[in-house]
Amino acid sequence: MSRDKVIKENFTKLQQKSRAAWESLRERPLILVGTATCGRAAGALEILKVIKEELAKSGLEASVLEVGCMGHCYAEPLVTVYKPGFPPICYGYVTEGIAARLVQDFLGGDDPCLEFALAALEANDMVPAFTDFPRGMIEKNIILDKCGLIDPENIEHYIALGGYAALAGALGRDPGQVLEEIKASGLRGRGGAGFPTGRKWETCRLAPGEEKYVICNADEGDPGAFMDRAILESNPHQVLEGLAIAAYTVGARQGYFYIRAEYPLAVARVKKAIEQARQAGLLGTNILGSGFDFDVDVFQGSGAFVCGEETALIASMEGEPGLPRHRPPFPATAGLRGKPTVINNVKTLSYVPHIVERGARWLRETGTDGSPGTAVFALAGKVINTGLAEVPMGTTLREVVYDVGSGIPGGKAFKAVQIGGPSGGCLPESALDMPIDFDSLSQAGAMMGSGGMVILDEDDCMVEIARFFLDFTQKESCGKCTMCRLGTRQMLDILEAITRGQGKPGDIELLLELAEDVKAGSLCGLGKTAPNPVLSTIRYFRDEYEAHIKERRCPALMCQSLIAYYILPEKCERSCDACVGSCPVEAIYTNEDRIKVIDQQKCVKCASCLEACPPQYKAVIKLSPPELVNEMGA
Amino acid sequence: MKTVTLTIDGRTIKAREGEKLLWVALENGIYIPNLCAIPGVKHPAAACRLCFVEIEGYPRPVTACTEPVVEGMVVSTRSPRVDRLVQTAFELLLSNHQQDCANCPRNRSCELQRIARERRIPLRVKRLRKLERELPVDDSSPALRYDPRKCVLCGKCVWVCREKGTGVLGFAGRGFGRRITTFGDVPLGQSGCNGCGECARICPVGALVEKKADI
Ligand SMILES: Cc1cc2nc3c(=O)[nH]c(=O)nc-3n(C[C@H](O)[C@H](O)[C@H](O)COP(=O)(O)O)c2cc1C
Ligand code: FES
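The model shown is predicted, which means the values in this text are computed figures rather than measured ones.

1. Side note on the overall build of chain B
Along chain B, the regular secondary structure elements total six helices and nine strands. The C-alpha radius of gyration computed for chain B amounts to 18 Å, which stays within 12% of the reference 17 Å derived for 215 residues, consistent with globular compactness. Dimensions of chain B, computed from C-alpha atoms along their principal axes, come out at roughly 55 × 45 × 35 Å. For chain B, the proportion of its 215 residues judged to be buried stands at 50%. Looking at chain B as shown, the accessible area adds up to about 10,500 Å², and 50% of this sits on carbon and sulfur atoms. Computed over 35 positive and 23 negative side-chain charges, the inter-centroid distance for chain B is 2 Å.

2. Some remarks on the confidence of the model for chain B
Looking at chain B, pLDDT values average 95 and 99% of them are 70 or higher. Interface confidence for the predicted complex, expressed as ipTM, amounts to 0.96; the pTM equals 0.92.

3. Quick look at the site of ligand 1
Residue and element names in this part refer to chain A. Around ligand 1 lies a shell of 18 residues, among which G191, K200, N344, N345 and T348 are the nearest. Within the contact set of ligand 1, an oxygen atom lies 3.3 Å away from a backbone nitrogen or oxygen of R190. E310 places a polar main-chain atom, nitrogen or oxygen, 3.0 Å from an oxygen atom of ligand 1. In the complex, 88% of the free accessible area of ligand 1, which totals 610 Å², lies under the protein chains. For the shell around ligand 1, the elements supplying multiple residues, two or more each, are β9 (341-345) and α21 (525-529). The element best represented in the shell around ligand 1 is β9, accounting for three residues.

4. Examining the environment of V250 of chain A
Residues and elements named next belong to chain A. In this structure, V250 sits in helix α11 (residues 236-250). Judged by relative accessible area, V250 falls into the buried class, the value being 3%. For the pair V250 and S624, spaced 374 residues apart in sequence, the C-alpha separation works out to 60 Å. Other than its neighbours up to four places away in sequence, V250 contacts W201, C204, R205, K212, V214 and V342.

5. Section: the interface of chain B and chain A
Quoted interface sizes are often the accessible area lost when the parts come together. Of the residues lining the interface, 28 residues belong to chain B; the matching set on chain A comes to 34 residues. Both faces considered, chain B and chain A share a buried interface measuring about 2,800 Å² in area, 55% of it formed by carbon and sulfur atoms. The tally of links between chain B and chain A comes to five salt bridges. Measuring nitrogen to oxygen at the nearest pair gives 2.7 Å for the salt bridge that ties E513 of chain A to R127 of chain B. Across the contact surface, chain B and chain A share 18 residue pairs in polar contact (both at pLDDT 80 or more). Here the side of chain B that touches chain A takes seven residues from helix α2 (residues 80-95) of chain B, the largest share from any one element.

6. A few points about the pattern of salt bridges
Pairing is possible between side chains that carry opposite charge, provided their charged atoms lie close to one another. This model, assessed by the stated rule, comprises 54 salt bridges over all chains. For the salt bridge of K211 of chain B with D139 of chain B, the shortest nitrogen-to-oxygen distance reads 3.1 Å. Placement of K211 of chain B in helix α6 (residues 211-214) and of D139 of chain B in the loop between α3 (111-119) and β6 (144-146) is noted, with a sequence separation of 72 residues between them. A relative accessible area of 42% places D139 of chain B in the partly exposed class. Between R179 of chain B and D185 of chain B there is a salt bridge, and its shortest N-O distance comes to 2.9 Å. Salt bridges here are not isolated pairs; linked through shared partners, they connect R101, D105, D111 and E115 of chain A.

7. Things to note about the sheet that holds strand β1 (residues 30-34) of chain A
Residue and element names in this part refer to chain A. An order of β2-β1-β3-β4-β5 is seen for the five strands of this open sheet, with the pairing classed as mixed. Strand pairing shows two members of the sheet lacking a second neighbour, β2 (63-67) and β5 (117-120), which therefore form its edges. Within the sheet, the average angular offset between the axes of one strand and its neighbour, ignoring direction, is 20 degrees.

8. A few points about the domain arrangement of chain A
All names here are of chain A. Per the domain assignment, the segments of chain A are domain 1 (3-131), domain 2 (189-363), domain 3 (374-457), domain 4 (462-550) and domain 5 (563-631). The distance between the C-alpha centroids of domain 3 and domain 4 comes to 22 Å. With 16 residues of domain 3 at the interface, the matching set in domain 4 holds 15 residues. Summing the contributions of domain 3 and of domain 4, the shared interface buries around 1,200 Å²; its carbon and sulfur component is 67%. Taken as a group, K415, P422 and C426 account for 42% of the area that domain 3 buries against domain 4, more than any other trio of residues on that side. The interface formed by domain 3 and domain 4 contains one salt bridge. K415 serves as the salt-bridge partner of E544, at 2.8 Å between the closest nitrogen and oxygen. The interface formed by domain 3 and domain 4 includes six residue pairs in polar contact (both at pLDDT 80 or more). Every element with two or more residues in the side of domain 3 that touches domain 4 is listed here: β12 (414-419) and β13 (425-428). At four residues, β13 tops the list of elements feeding residues into the side of domain 3 that touches domain 4. Classifying every residue of the side of domain 3 that touches domain 4 by side-chain character gives eight nonpolar, seven polar and one charged.

9. Topic: the packing of aromatic side chains
Residue and element names in this part refer to chain A. Using the criterion set out here, one finds nine aromatic pairs over all chains in the structure. Note on Y213 and Y256: the rings are 6.1 Å apart at their centroids and 50 degrees apart in plane angle, and the pair reads as tilted. Separated by 43 residues along the polypeptide, Y213 in strand β6 (residues 213-218) and Y256 in strand β7 (residues 254-260) bring together distant segments of the chain. Of the two residues, Y213 and Y256, neither departs from the other in class, the shared state being buried.

10. Side note on the sheet that holds β7 of chain A
Residue and element names in this part refer to chain A. Overall, parallel pairing links the four strands, which are arranged β8-β7-β6-β9 in an open sheet. In the strand order of this sheet, the two ends are held by β8 (295-301) and β9, each with one partner. On average, adjacent strands in this sheet sit at an angle of 20 degrees to one another, irrespective of strand direction. Pairing analysis gives six bridges linking β6 to β7, with the strands arranged parallel.

11. A look at the packing of helix α20 (residues 507-521) of chain A against helix α22 (residues 532-551) of chain A
All names here are of chain A. Running from N to C, α20 and α22 point in directions that differ by 170 degrees, and their axes come no closer than 10 Å. By the criterion of interaxial angle, the relationship of α20 to α22 is roughly antiparallel. For the pair α20 and α22, contact is made by D507, I508, E509, L511, L512, A515 and K519 and by N532, V534, L535, I538, R542, Y545, E546 and I549, respectively.

12. Remarks on the UniProt feature "domain: 4Fe-4S His(Cys)3-ligated-type" (unreviewed entry) in chain B
The positions UniProt marks with the feature "domain: 4Fe-4S His(Cys)3-ligated-type" (unreviewed entry) are residues 81-120 of chain B. A helix fraction of 60% and a strand fraction of 0% characterise residues 81-120 of chain B, whose end C-alpha atoms lie 16 Å from each other.

13. Things to note about the packing of helix α18 (residues 462-476) of chain A against helix α19 (residues 482-499) of chain A
Any two packed helices are characterised by how steeply their axes cross, that is the angle between the axes, and by the distance between the axes. All names here are of chain A. The N-to-C vectors of α18 and α19 enclose an angle of 150 degrees; their axes lie 9 Å apart at closest approach. When the axes of α18 and α19 are compared, the pair comes out roughly antiparallel. You can see that α18 and α19 cross each other, and the crossing is left-handed. The segment α18 lies against α19, with V463, E464, A466, R467, L470, D471 and Q474 engaging T488, R489, M491, L492, L495, E496, I498 and T499. Partitioned by chemical class, the residues of the contact of α18 with α19 number seven nonpolar, three polar and five charged.

About the criteria used
Residues numbered from 1 in each chain as written. Chains lettered and ligands numbered in written order. Predicted model: local features only at pLDDT ≥ 70, side-chain atom pairs only at ≥ 80, totals over all residues. Heavy atoms only, no water. Helix = DSSP H or I, 4+ residues; strand = E, 2+ residues; numbered from the N terminus. Rg over C-alpha atoms; globule rule 2.2 N^0.38 Å. Buried < 20%, exposed > 50% of the residue type's maximum accessible area, 1.4 Å probe, protein only. Areas by Shrake-Rupley, 256 points an atom, 1.4 Å probe, with all protein chains shown as cover. Lys, Arg positive; Asp, Glu negative; His and termini not counted. Charge placed at Lys NZ, Arg CZ, Asp CG, Glu CD. pLDDT = per-residue confidence, 0-100. Near = heavy atom within 4 Å. Polar contact = N/O pair within 3.5 Å; in protein donor to acceptor, adjacent residues only side chain to side chain. Contact = heavy atoms within 4.5 Å. Buried area = accessible area lost by both parts, 1.4 Å probe. Salt bridge = Lys/Arg side-chain N within 4 Å of Asp/Glu carboxyl O. Pairing = 2+ DSSP bridges. Axes fitted to C-alpha atoms, helices over the stretch in contact; angles between N-to-C directions. Domains from an automatic or database assignment. Nonpolar A, V, L, I, M, F, W, Y, C, P; charged D, E, K, R; others polar. Phe/Tyr/Trp six-rings, centres within 6.5 Å; stacked < 30°, edge-to-face > 60°. Parallel < 35°, antiparallel > 145°, perpendicular 65-115°, else oblique. UniProt positions renumbered as here; feature names shortened; annotations may be inferred. Left-handed = near helix turned anticlockwise from the far one by under 90°.

Dropping the structure here:
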């Protein structure tokens, strides 16, 4: 029998067995509970327990599955119910009471409890589906498509829904053909820089040497980023399949997952996935009878942010301190133990099976010319729907913020989006209609980075935001090179002075000079991108910097040193003592007109009085510069 | 090994292919500022960021200590971009350097003074804030005196102590807190240091000095 026939035959057997297992699940009602880290944080494990107890009590026949994250993290815990005769319905904000009712009334009776439904998974005429909402029309799930719908600890689910067919297909082809497909797809690395994946693989494939490695970078250290974790927890086999295809293409026989040790659930699920893939003959020697040998191990990272940088990652895997090295040589020619090594991000590898299965042209149908495919964002900050969203490249920021994220809570005004984590930048309102992809973002002074997206509103001070992110990178700098160790520190000192009202004329210019030199002169990507938050906030919000320096005024009323709290006499309800009771330092007294007054000398600016003042009065306000208080009294 | 021809600042120079540009320049009497480069190490630290040069065809300045020479390479050691980067890196180091030249045993043999002289950069930095390090001087060894506030973190002492000494020196801390200390962070006098003095001889500044040179 020919080699590709053997592969096909072996794989078809696996597929049939998996499909049978998957279909037998659907013969009776099926309840999915999202127990990825986001679900667990919201109490999903208790919900799971209640559902199991209720099922046992009622004697109803149903299967219960733990699944990963669907991206609707704002509405966790999430439960999805499949019941014959009904569309699959997803419930959000599930409490123990709701969980019990789903079992009793929906499974036991025939009441689908639509008052708790978030949406149906498929279009139907009973419940609106996710795709009926503006968000659903914009979102396009490629690499998140099975997340939250399958049991990540069961390889059969993944295979039943089409998993590992791409690996089987690739093994039947020449590695060169697979490489051409990836190159033609225009896939770019999702680890931050957007480097063309096909080119990286080609360099490694052509590099001389028998021994080569492939590594999945799952160090995900950006504050606020959790998409790699969500994917590993929700669909680890997709990443593993991508890694195996990468290995086959470049000629590696050993692969690694580099996962931060703070992700214990991801580590456990990846290890389990590797074990199951070995047992199924999808890893190990002679995979599917193809003659190709490949195995994978998990390496747990120590958690330093800089260890996500590829040369530092390699150093740390070699047992050296996790410090970056000069490039070139790039890992693709001389990486782990000096051998040619492909390092790709979790998301990058997740696209690979889809591309191999459906073709380069198919990927290019989504996204922009320069950035085919989708982008996965983690929405956080001042936005109603926080969570994960996968949208085509080229979607505008406005669509992401207002349609996917449902806008800014509390009727506040939008101010900026911080994209790309600590190496990214802040984009203002005028950028809202810009289609976002790798190139447009870097032209605008931000970065795709890991896909973290923090929405900022009128109450956020842009100098303080820049200080916050630089404080992170400065603390995470490994300290090896002068520019990053001392340059970021000098910049941070200046920003701190500005936010304290001690900025000097010329500080903005000095910040710009240092920022450019740290970018151009640092050894690794950490330093080369650390100034971005500073540069972009100066570029778009220079007036806020100037107000801090020249007028000692914080326009967003955020910087503690530059504000004072004040009680408006005309609004104060004289006999109400709410503010007095709330003050931890007894700074509020009643004057001869029975009006409340803040003793500015004693005030510690904790904002308790502002929160305590009943909404019908709203008598407490913030003033900047603080000296305004004196004028108000006069 | 193959020999290649390159030009540095208009001078034609022959060198062994693959040798790092910094050494080729220095061997030919062309000065490029440097603090952290050590001949022959496998992974150059490339940490001090002082050895920037322009190479024709490269979009931006690169560090000479990491750049292997190739046939036909055209190098300039000076350009407005290079000068600016070198000045910033140098000023950053000075802003973090306990400066007391008049009382320093390395006065006149200090690499920082040399760089200042070669590149005409004042040793007194006006533009930047002083970034003091609150670290105690280690006077515990009979042979050596270690003043971490003067250290520029080039790492040469760590390397030489491993090569020729007892291997007690190493890096500790991250970011701004990065410093050189002994294994176990004990005073030099209790570290197993044998006082060979190699570290003081290789230290480009006055951070590690031999006591006999003190008098
Ligand atoms: C400071 C720093 C941290 C990084 N952290 C990560 C990370 O957590 N995950 C990641 O995939 N890439 C990270 N990168 C990028 C990697 O160096 C590398 O470019 C990436 O893993 C390549 O994969 P890709 O081509 O699939 O994007 C980081 C880079 C820098 C400079
Ligand atoms: S000598 Fe090149 S960076 Fe220090």
